[in-house]
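So the chains spell out like this:
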Amino acid sequence: MTRIVGVEMRRVRLPLVHEFQTSSHAKRSLEHILVALTTADGATGWGEIASPSGPFYSAETVDSCWAVARSHLAPLVLGADWDHPSELAAVLGRVRGNHFARAGFDMAAWSLWSAQHGVPLAAALGGTRATVEAGVSLGIEPTVDALLAQVAQRVGEGYRRVKLKIAPGWDVEPVRAVRSAYPSVPLHVDANGAYTPAHLPVLRELDTLGLLMIEQPYAPRALVDLAGLQASLATPVCLDESVEELDDLVTALRLGSGRILNIKVSRMGGLTAAVRAHALAAEHGVPVWCGGMHEFGIGRAANVALCALPGFTLPSDVSGSDKYYARDVTTEPIVAVDGLVSVPSAAGLGREPDADFIAAGTVDRLVLGAGPRRGCSA
Ligand code: OSB
Ligand code: MG
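Because the structure is a prediction, the values reported are computed rather than measured. (Residues numbered from 1 in each chain as written. Chains lettered and ligands numbered in written order. Predicted model: local features only at pLDDT ≥ 70, side-chain atom pairs only at ≥ 80, totals over all residues. Heavy atoms only, no water.)

**So, the coordination of the magnesium ion (ligand 2)**
Listed as protein donors to the magnesium ion (ligand 2) are Asp190 (OD), Glu215 (OE) and Asp240 (OD); their distances from the metal cover 2.2 to 2.3 Å. Mapped onto the polypeptide sequence, the residues donating to the magnesium ion (ligand 2) form the spacing pattern D-x24-E-x24-D. Of this pair, Asp190 sits in strand E8 (residues 187-190) while Asp240 sits in the loop between strand E10 (237-239) and helix H9 (246-255); the two residues are 50 residues apart in sequence, bridging distant segments of the chain. Each member of the pair, Asp190 together with Asp240, is buried. (Donors = N, O, S within 2.8 Å, 3.2 Å for Na, K, Ca; no water. Helix = DSSP H or I, 4+ residues; strand = E, 2+ residues; numbered from the N terminus. Buried < 20%, exposed > 50% of the residue type's maximum accessible area, 1.4 Å probe, protein only.)

Written out as structure tokens, the structure is:
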């Protein structure tokens, strides 16, 4: 039986090495919340709340995560008795929505549990692979040439597939340019819900460019329209924002709203839910891949572990830490070599927090319950 006696939350800010722009925002630095859960015997497990600052991807923000974590999630976790992270996930599930915030706590519980049981996190989740294939996600650039330079760099580094962010006005032209320059690179596009059925002619053009998938072309809840679109395209539609709950996936599968699923730990509310979504997709023959939210090293290590599960058959968005950060919050960054990331074989998360660097980047800190016995203090 495990009992959490202390919760520490830190808002940590890291500079981005390259501005990343989607249809809605451009950023030079990011703030995520690191969560450390401590047991009575002094063991600590780390998780990450990787919410964007603004409510443009989902309804959550760093501020909303901080408020919900402080007022609702930390109090639920403090004093709860559990044997397995899925039990703690059920407790956290009393909070509706707020998936990014919940994911940080669920991830910390898995880190703790796998370390205490002497198994790598990947194995604890059901993972079997020793290395996982990484792709990159490229934002909207000021010019097509700037985008081509990004693609050249990442293909040169060995990444296994390239995903391009698209939005009305930045779609057929840049995608066609990349496709012509790289006829055989596995390529896909992600619209973050920026299109409607009125854009069907554009989507039909994209359908001719040999794409692996078109990710989230329509708004998250447009599952009926997405099914109509999927029926009229040869390219698989991939769902991201549409699937926050396992029940969303049940509905999407029944309607035929897509043929591929992007599983994000944050969006699903944690590793427990991510593993369940993977199982349900596998039952229906739907391939999955692990999406990212620009995670720091803690969340990135959890993503790598998840990618080791057998149904994750497509390259992930889990690139090396250096794609976003000059220095990461873990003593060792995540590295991709020739587009492959190795899955740690040590017990637990497989990455240690870099206490001094985290302390230096901390902009706010909150300790509830007993607080940390070891680890960082700012
Ligand atoms: O839709 O996948 C997305 C980042 C912010 C918001 C939405 C998305 C993304 C990414 C980031 O594509 C991928 C990564 O973490 O490398
Ligand atoms: Mg996406």
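**Some details on the environment of Glu133**
Here Glu133 lies in strand E5 (residues 131-133). The residues touching Glu133, leaving out its near neighbours within four places in the chain, are Arg160, Pro315, Ser316, Gly339 and Leu340. Side chain to side chain, Glu133 and Arg160 meet in a polar contact 3.1 Å long. (Contact = heavy atoms within 4.5 Å. Polar contact = N/O pair within 3.5 Å; in protein donor to acceptor, adjacent residues only side chain to side chain.)

**Re unusual backbone geometry**
Negative phi values dominate among residues other than glycine, just as trans dominates among peptide bonds. The backbone of Asn192 sits at a positive phi, close to 45°, despite the residue not being glycine. Locating Asn192 in the fold gives a position in the loop between E8 and helix H7 (200-206). Of note, His294 is a non-glycine position whose phi angle comes to about 55°, a positive value. Relative to the helices and strands, His294 resides in the loop between strand E12 (288-290) and helix H12 (297-307).

**Comments concerning the pattern of salt bridges**
Summed over the entire model, instances satisfying the criterion amount to 18 salt bridges. Between Arg365 and Glu8 there is a salt bridge; the shortest N-O distance is 2.8 Å. Placement of Arg365 in strand E14 (residues 362-369) and of Glu8 in strand E1 (residues 2-21) is noted, with a sequence separation of 357 residues between them. Ionic pairing is found between Lys163 and Asp190, a salt bridge with its closest N-O pair at 3.1 Å. (Salt bridge = Lys/Arg side-chain N within 4 Å of Asp/Glu carboxyl O.)

**Side note on the site of ligand 1**
Residues in close proximity to ligand 1 total 14 residues, the closest being Ser137, Asn192, Lys264, His294 and Tyr324. Ser137 has a polar side-chain atom sitting 2.9 Å from an oxygen atom of ligand 1. Between ligand 1 and Asn192 there is a distance of 2.7 Å, counted from an oxygen atom to a side-chain nitrogen or oxygen. Against a free-state accessible area of 400 Å², the protein chains account for coverage of 98% of ligand 1. Of the residues belonging to the shell around ligand 1, the class tally is 3 nonpolar, 4 polar and 7 charged. (Near = heavy atom within 4 Å. Areas by Shrake-Rupley, 256 points an atom, 1.4 Å probe, with all protein chains shown as cover. Nonpolar A, V, L, I, M, F, W, Y, C, P; charged D, E, K, R; others polar.)

**As for the sheet that holds strand E11 (residues 260-263)**
A sheet is described by the order of its strands in space; here 7 strands give the open sequence E6-E7-E8-E9-E10-E11-E12, paired in parallel fashion. Only two strands of the sheet have a single neighbouring strand rather than two, namely strand E6 (136-138) and E12. Here E10 pairs with E11 via 2 bridges, running parallel. For Leu239, the partnering residue across the bridge sits in E11 and is Leu261. Packing against the sheet, helix H5 (residues 144-157) makes contact with E6 and strand E7 (162-165), and its axis sits at approximately 170° to E6. (Pairing = 2+ DSSP bridges. Axes fitted to C-alpha atoms, helices over the stretch in contact; angles between N-to-C directions.)

**As for the domain arrangement of the protein**
By a widely used convention, the size of an interface equals the accessible area lost when the partners come together. Once the domains are mapped, the protein shows domain 1 (2-118 + 351-369) and domain 2 (123-342). Using only C-alpha atoms to locate each centre, domain 1 and domain 2 end up separated by 23 Å. Counting from both sides, the interface comprises 39 residues of domain 1 and, opposite them, 48 residues of domain 2. Both faces considered, domain 1 and domain 2 share a buried interface measuring about 3700 Å² in area, 66% of it formed by carbon and sulfur atoms. For the pair domain 1 and domain 2, the interface holds 1 salt bridge. Its salt-bridge partner being Arg327, residue Asp354 comes within 2.9 Å of it at the nearest N-O pair. Across the domain 1-domain 2 interface, the total number found is 18 residue pairs in polar contact (both at pLDDT 80 or more). Of all the secondary structure elements, the ones that give two or more residues to the side of domain 1 that touches domain 2 are E1, strand E2 (26-39), strand E3 (44-49), helix H2 (85-92), helix H3 (99-116) and helix H13 (355-361). Considering each element in turn, the side of domain 1 that touches domain 2 owes the most residues, 9 residues, to H3. (Domains from an automatic or database assignment. Buried area = accessible area lost by both parts, 1.4 Å probe.)

**Details of the packing of aromatic side chains**
Considering all chains together, one arrives at 4 aromatic pairs under this definition. Ring plane angle 80° and centroid distance 6.0 Å describe the contact between Tyr57 and Phe100, whose orientation is recorded as edge-to-face. Here the residue Tyr57 occupies a position in the loop between E3 and helix H1 (62-77), and Phe100 occupies one in helix H3, the gap between them amounting to 43 residues. The same class applies to Tyr57 and to Phe100, which are both buried. Among the aromatic residues, those joined into a cluster by ring pairs are Phe296, Tyr324 and Tyr325. Sitting over the face of the ring of Trp66, Arg11 holds its NZ or CZ atom 5.7 Å from the ring centroid. Here Arg161 stacks its cationic end above the ring of Trp289, 4.9 Å away from the centre of that ring. (Phe/Tyr/Trp six-rings, centres within 6.5 Å; stacked < 30°, edge-to-face > 60°. Lys NZ or Arg CZ within 6 Å of the ring centre and 35° of its normal.)

**Description of the nonpolar core**
A general feature of soluble globular proteins is that nonpolar side chains tend to end up buried together. Formed by 85 residues in total, the largest nonpolar core has its most connected members in Leu164, Val175, Leu206, Leu261, Ile263, Leu271 and Leu306. Sorting elements by how many residues they give to this core places H12 first, with 7 residues. The two domains that each donate at least three residues to this core are domain 1 (2-118 + 351-369) and domain 2 (123-342). Not counting residues within four places of it along the chain, the set of residues in contact with Ile263 comprises Met268, Ala274, Ala277, His278, Val288, Trp289, Cys290, Gly291, Leu306 and Phe312. (Core = buried A, V, L, I, M, F, W, Y, C linked by side-chain atoms within 4.5 Å.)

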